[in-house]
Amino acid sequence: MYHIKKDKRAHASAELICSGLLELIKTVPFEQITISDIQRVSTVSRSTFYRNFDCIEDVLMLLCDRNFDAALKRAEETGEEIRIAVFRYWFENVSLLETIVKIHRTDILVESLRRSEQIKLKFRPYIKDETVFDYFSGVIASVMVGILSTWIEHGKVESEEEVLRYTQKVFAKLVTLGIMGKYRMRK
């Protein structure tokens, strides 16, 4: 997990490290990136890296947290549905998403969305039971990440609008087939 202190210098260092990793993943496969590479590109020392992060995956975690927060804030500001704002944001910021899917660490995305303060602020008032809310956030996160991962695995051939249409069709099928909801498929 990342552990960035609440001071300007720590935030500036974390920003340099995040920018360095984003720059590197454009040209170097993630598995080949080392902390030394990040140091070189970001100009921070090894001790500064470890003061803020335990490992490189923690940098991905911080970046995901920031991206989900930005997407959810965008939904709040524009009035867009959350799913649309999240998908649009990730379509526009695809290199991080591609990296996470390629290294089979979509768990980082799921946990990031589940931890999101914006999700808690938006839905917690309507779901009083903490256990129900935990399941709710797990389902929402898994579905969104599953859709984004499938899009990457398909080679990003579907447009943003097609992905949104497919998503709506999938949810309708879940209800029709009786997987979610009370309607059952008629034979």
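First, a word on what this report is: a plain description of the structure on this page. Everything numeric in this text was worked out from a predicted model, so none of it was measured.

**Some points on the overall build of the protein**
No. 1: Across its full length, the protein carries 10 helices and 0 strands.
No. 2: Counting from the amino terminus, helix and strand elements in the protein follow one another as α-α-α-α-α-α-α-α-α-α.
No. 3: Viewed in the frame of its principal axes, the protein has a C-alpha envelope of about 65 × 40 × 30 Å.
No. 4: Out of the 187 residues belonging to the protein, those deemed buried represent 42%.
No. 5: In the protein, the share of contacts with a sequence separation of at least 24, taken over all contacts with a separation of at least 6, comes to 61%.
No. 6: Surface summary for the protein: the accessible area is close to 11,200 Å², and the carbon and sulfur share equals 55%.
No. 7: Charge centroids of the protein, computed over 29 positive and 27 negative side chains, lie 4 Å from each other.

**As for the packing of aromatic side chains**
No. 1: The full count for this structure, using the stated rule, is 6 aromatic pairs.
No. 2: Note on Phe133 and Phe136: the rings are 6.1 Å apart at their centroids and 35° apart in plane angle, and the pair reads as tilted. One end of the pair is Phe133 and the other is Phe136, both in helix α9 (residues 130–153) and 3 residues apart, which spans about a single turn.
No. 3: An aromatic cluster is present here, built from Phe49, Tyr50 and Phe53 joined pairwise through their rings.

Basis of the calculations
Residues numbered from 1 in each chain as written. Predicted model: local features only at pLDDT ≥ 70, side-chain atom pairs only at ≥ 80, totals over all residues. Heavy atoms only, no water. Helix = DSSP H or I, 4+ residues; strand = E, 2+ residues; numbered from the N terminus. Buried < 20%, exposed > 50% of the residue type's maximum accessible area, 1.4 Å probe, protein only. Contact = heavy atoms within 4.5 Å. Areas by Shrake-Rupley, 256 points an atom, 1.4 Å probe, with all protein chains shown as cover. Lys, Arg positive; Asp, Glu negative; His and termini not counted. Charge placed at Lys NZ, Arg CZ, Asp CG, Glu CD. Phe/Tyr/Trp six-rings, centres within 6.5 Å; stacked < 30°, edge-to-face > 60°.

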